[in-house]
Amino acid sequence: MSAVDVRNVTKRYGATTALDRVSLAFPNGSFFALLGPSGSGKTTLLRALAGFVEPDEGMILIDDQDVAHIPSFRRNIGMVFQNYALFPHMSVFDNVAFGLTVRRIPRIQVRQRVGKILELVRLDGLDHRKPRQLSGGQQQRVALARALVTEPRVLLLDEPLGALDKKLRQDMQGELKRIQRTVGITTIFVTHDQEEALTLSDHIAIIDEGRLIQVGEPGEVYDRPYTRFAANFLGDANFLSGPVQDSGIMVDRVGHVATTSPLPAGEATLAVRPERIRLVAPDTPAQGNRIEGHVAERVFSGASLTYTVQTDAGPLRVLRQNADGDVIDTGERVALVWSADHSVVVED
Amino acid sequence: MNQARWVVLMSEGAGRLWLFLVLLFLYLPILVLAVMGLNDSVHYTLPFAFTTRWYEDLAGNERLLQASFNSVAVALANTLIATTLGTMAALAFARYRFRGRTALQLLLFPPITIPWLIIGTSMLVLFFWTGIGRGLHAMLLGHVALSLPYVIIVVGARLASIGPDLEEAAASLGATPFQSLVRVQLPVMAPGIVAAALFAFAVSFDQFVISYFLAPPGVSVLPVEIFSAIRKGFTPEVNAISTIMIVVSMTVLLLFARLSKFGGER
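The model shown is predicted, which means the values in this text are computed figures rather than measured ones.

**Some points on the overall build of chain A**
Along chain A, the regular secondary structure elements total 8 helices and 20 strands. In terms of overall dimensions, chain A has C-alpha extents of about 80 × 45 × 35 Å along its principal axes. Out of the 348 residues belonging to chain A, those deemed buried represent 51%. Between the mean site of the 39 positive side-chain charges and the mean site of the 43 negative ones, chain A shows a separation of 10 Å.

**Description of the overall build of chain B**
For chain B, the count of helices and strands is 12 helices and 0 strands. Across chain B, helices and strands are ordered from the amino to the carboxyl terminus as α-α-α-α-α-α-α-α-α-α-α-α. Along the first, second and third principal axes, the C-alpha set of chain B runs to 75 × 70 × 30 Å. Classification of the 266 residues of chain B by burial places 40% in the buried group. Taking contacts inside chain B between residues at least 6 apart in sequence as the whole, the part at least 24 apart equals 73%. Averaging the positions of the 16 positive and the 12 negative side-chain charges in chain B gives two centres separated by 10 Å.

**Observations regarding the pattern of salt bridges**
Tallied over the full model, the rule gives 19 salt bridges over all chains. Through salt bridges with shared partners, one network takes in Arg122(A), Arg141(A), Glu175(A) and Arg178(A).

**Observations concerning the interface of chain A and chain B**
On the chain B side, the residues contacting the 22 residues of chain A number 17 residues. Here chain A and chain B share an interface that buries about 1800 Å² over both sides, 64% of which is from carbon and sulfur atoms. Arg47(A) is the salt-bridge partner of Glu168(B), the closest N and O atoms lying 2.6 Å from each other. Between the two partners, chain A and chain B, sit 7 residue pairs in polar contact (both at pLDDT 80 or more). Mapped by element, the contributors of at least two residues to the side of chain A that touches chain B are strand 6 (77-80), helix 2 (92-101) and helix 4 (136-148) of chain A. With 3 residues, helix 2 of chain A is the single largest residue contributor to the side of chain A that touches chain B. Residue classes in the side of chain A that touches chain B are distributed as 13 nonpolar, 5 polar and 4 charged.

**Here we look at helix 6 (residues 116-130) of chain B**
For an α-helix the count is 3.6 residues per turn, leaving residues at separations of three or four pointing the same way. Residues and elements named next belong to chain B. For helix 6, built from 15 residues, the straight-helix expectation of 21 Å at 1.5 Å per residue is met to within 8% by its first-to-last C-alpha distance of 20 Å. Residues Ile119, Gly120, Met123 and Phe127 constitute the buried set of helix 6. What you see down the axis of helix 6 is that its buried residues fit within an arc of 100°, all on one side. Of the exposed residues in helix 6, those oriented more than 90 degrees away from the buried face are Leu117, Ile118, Val125, Phe128 and Trp129. Following helix 6 by one or two positions, Gly131 has its phi on the positive side, about 85°.

**Some remarks on the domain arrangement of chain A**
All names here are of chain A. What the domain assignment reports for chain A is domain 1 (4-228) and domain 2 (236-346). Each of domain 1 and domain 2 has a C-alpha centre, and the two are 39 Å apart. On the domain 2 side, the residues contacting the 8 residues of domain 1 number 11 residues. Of the roughly 810 Å² buried at the junction of domain 1 and domain 2 (both faces included), carbon and sulfur atoms supply 45%. It is Tyr222, Arg224 and Arg228 that lose the most area in domain 1 upon contact with domain 2, and together they represent 67% of the buried surface on that side. Here domain 1 and domain 2 share 1 salt bridge between them. Of the charged contacts in the structure, one is a salt bridge between Arg276 and Asp223, with a shortest N-O distance of 3.0 Å. Remark: the boundary between domain 1 and domain 2 carries 3 residue pairs in polar contact (both at pLDDT 80 or more). For the side of domain 1 that touches domain 2, the element with the most residues is helix 7 (residues 218-223), which contributes 3 residues.

**As for the packing of helix 2 of chain A against helix 3 (residues 107-120) of chain A**
Residues and elements named next belong to chain A. Relative to each other, helix 2 and helix 3 sit at 120°, their axes nearing to 10 Å. The handedness of the crossing between helix 2 and helix 3 comes out as right-handed. Contacts between helix 2 and helix 3 involve Val92, Phe93, Val96, Ala97 and Leu100 from the former and Val110, Arg111, Arg113, Val114, Ile117 and Leu118 from the latter.

Rules behind the numbers
- Numbering of residues begins from 1 in every chain and follows the order in which that chain's sequence is written.
- Starting at A for chains and at 1 for ligands, labels are handed out in the order in which the entities are written.
- Two thresholds apply to this predicted model, a pLDDT of at least 70 for residue-level local features and 80 or more for giving and counting side-chain atom pairs, whereas whole-chain, interface and lining totals are computed over all residues.
- Processing note: side-chain calculations cover all non-hydrogen atoms of the structure and skip hydrogens and water entirely.
- Strands here are runs of E lasting at least two residues and helices are runs of H or I lasting at least four, both read from the DSSP assignment and numbered beginning at the N terminus.
- The classification of residues rests on relative accessible area computed with a 1.4 Å probe and restricted to protein chains. Under 20% of the type maximum is buried, over 50% is exposed, and intermediate values are partly exposed.
- In this tally Asp and Glu are treated as negative and Lys and Arg as positive; neither His nor the chain ends contributes.
- Where a charge lies is defined by one atom per residue type: Lys uses NZ, Arg uses CZ, Asp uses CG and Glu uses CD.
- Residue contacts are defined here by distance: any two heavy atoms, one from each residue, within 4.5 Å place the two residues in contact.
- In the sections that follow, a salt bridge refers to a side-chain nitrogen of Lys or Arg positioned within 4 Å of a carboxyl oxygen of Asp or Glu.
- A quick way to say it: buried area is the sum, across both parts, of accessible area lost when two parts are put together, with a 1.4 Å probe.
- Contacts described as polar in this section are N or O atom pairs within 3.5 Å, which, within protein, must combine one atom able to donate a hydrogen with one able to accept it, while residues neighboring in sequence count only if both atoms come from side chains.
- Polar here means any residue outside two lists: the nonpolar Ala, Val, Leu, Ile, Met, Phe, Trp, Tyr, Cys and Pro, and the charged Asp, Glu, Lys and Arg; Gly therefore counts as polar.
- One less than the number of residues in a helix, times 1.5 Å, gives the span that helix is expected to have.
- In this description, the arc belongs to the directions extending from the helix axis to the C-beta atoms.
- Start and end points for every domain follow an automatic or database-based domain assignment.
- Orientation is described by axes fitted as lines to C-alpha atoms, over the contacting stretch for helices, and by angles from 0 to 180 degrees between their N-to-C directions.
- The sense of a crossing depends on the near helix, which, turned anticlockwise from the far helix by less than a right angle, makes the crossing left-handed and, turned clockwise, makes it right-handed.

This is the structure we're talking about:
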């Protein structure tokens, strides 16, 4: 059962189409990432779900009710804004209680529910502080508590961790996941950070130029990207193109590159993840695909190294764990080896 | 080395002297006026002899008292009307897109630059022609028209620094537009609104030209009354009332400056 169902939603701003017939079902209780570059339409989609953007066409169903043209304040949603949008003139308690007091819920209940939710986000004891007296991470928790206290049907997060520094962001990712699991609420969040999408969500939708490119579980989308854009945006990829020939393609000056995925007729492009390629000495015999070249560039990033290998098919990137500390020098000849399973056919 | 230091010190000293001269130029006349309001001599002769008799005389001057009352009444009414209308207009400009929005916004600025004499004349002609006529009601209308652009600009600046996020947050939490206005937007805008109200008060309270044009015989406000008093003869009584006006206006404007600086913060 899906809690939220977007059907054929289109939104135009003058000549530009921000959302182009987007259909997307968000399963009940899922933690759903909308991933795309800036200007892709992901934020427009989130704002349409929130009720800040009215779609020109299509339906937005929340619990089987079409809310596309219902104002935000009647939708029973919770939203965490990118800059938190805490009410600066209210205390933490009043901020969190706001959604309850506008619904005229009795004072005793308000106190109980606010206390409980502040405990959940681990902010108990800060009730009387003003937002400006809190750290970024604390403000984030207040925003989350405020959005959750009304027990909304869906929680929307707009780049929730964008304003935090790296260490705090990692902590908050864990917190966010824990809270989402405790509450069990359907959560939809917008991000341009692929790592955040992969670590937080159980579903990812990749959006580009107002269109939905691919939807699936993170592993699925990562392993089987449909398009060159999806392969490149979620993770990193090398691309090889050429005419199709017996379960593979013929690459100019390199030869046959095999794949196990079904191929179209004519030309095809294969995507290979940099970490799926092994670097071996040129004379090592190996199964699967093999291209030779020399190391043109090496980028050291601590736990791993990224090599750019100049081959007859152009430069290819290879990611290698820094497990045994042996580093290949630039200029050395190497062979790139990978299994046919790891060449994925993508649309251009 | 030493010479460079010397040059820096000299230029700093010259800067301070210049600042001092500017302030002296601005405030010396006011200071003389205030001091003479406390001097016993009718002809402004020295030596200075302290007295409060000019202020005491004020209390018995019916015309001045009536004019002061009119001034305060018009200024307060103007503050209420201009601040309410201006805040509403600023909200509309900041949050809604409508036909003619840019044109209307641009039209806010010319009244600030058009000489008061011309505005006063045109108002007199218009009010005469439409039958509104002259009087306190006409002055009030004129003052509202004059202070509206200031209110809209001051409140608008505050709104621009707040952005639409808080309104959206309130809506997402289930607040109706009215609840959102009363519980979120107005409190957050408050420093801007108060600053605008003080400004509107000052614009009206200090206004001479328009009031002068729109005052029928026998009805007067403080600046107009002072002007006619000066024409008859310059008594230290005028100094006393002027000092009171300056104190009121400066207090209001200092409060405004304080609050609009407030308006810069989140």
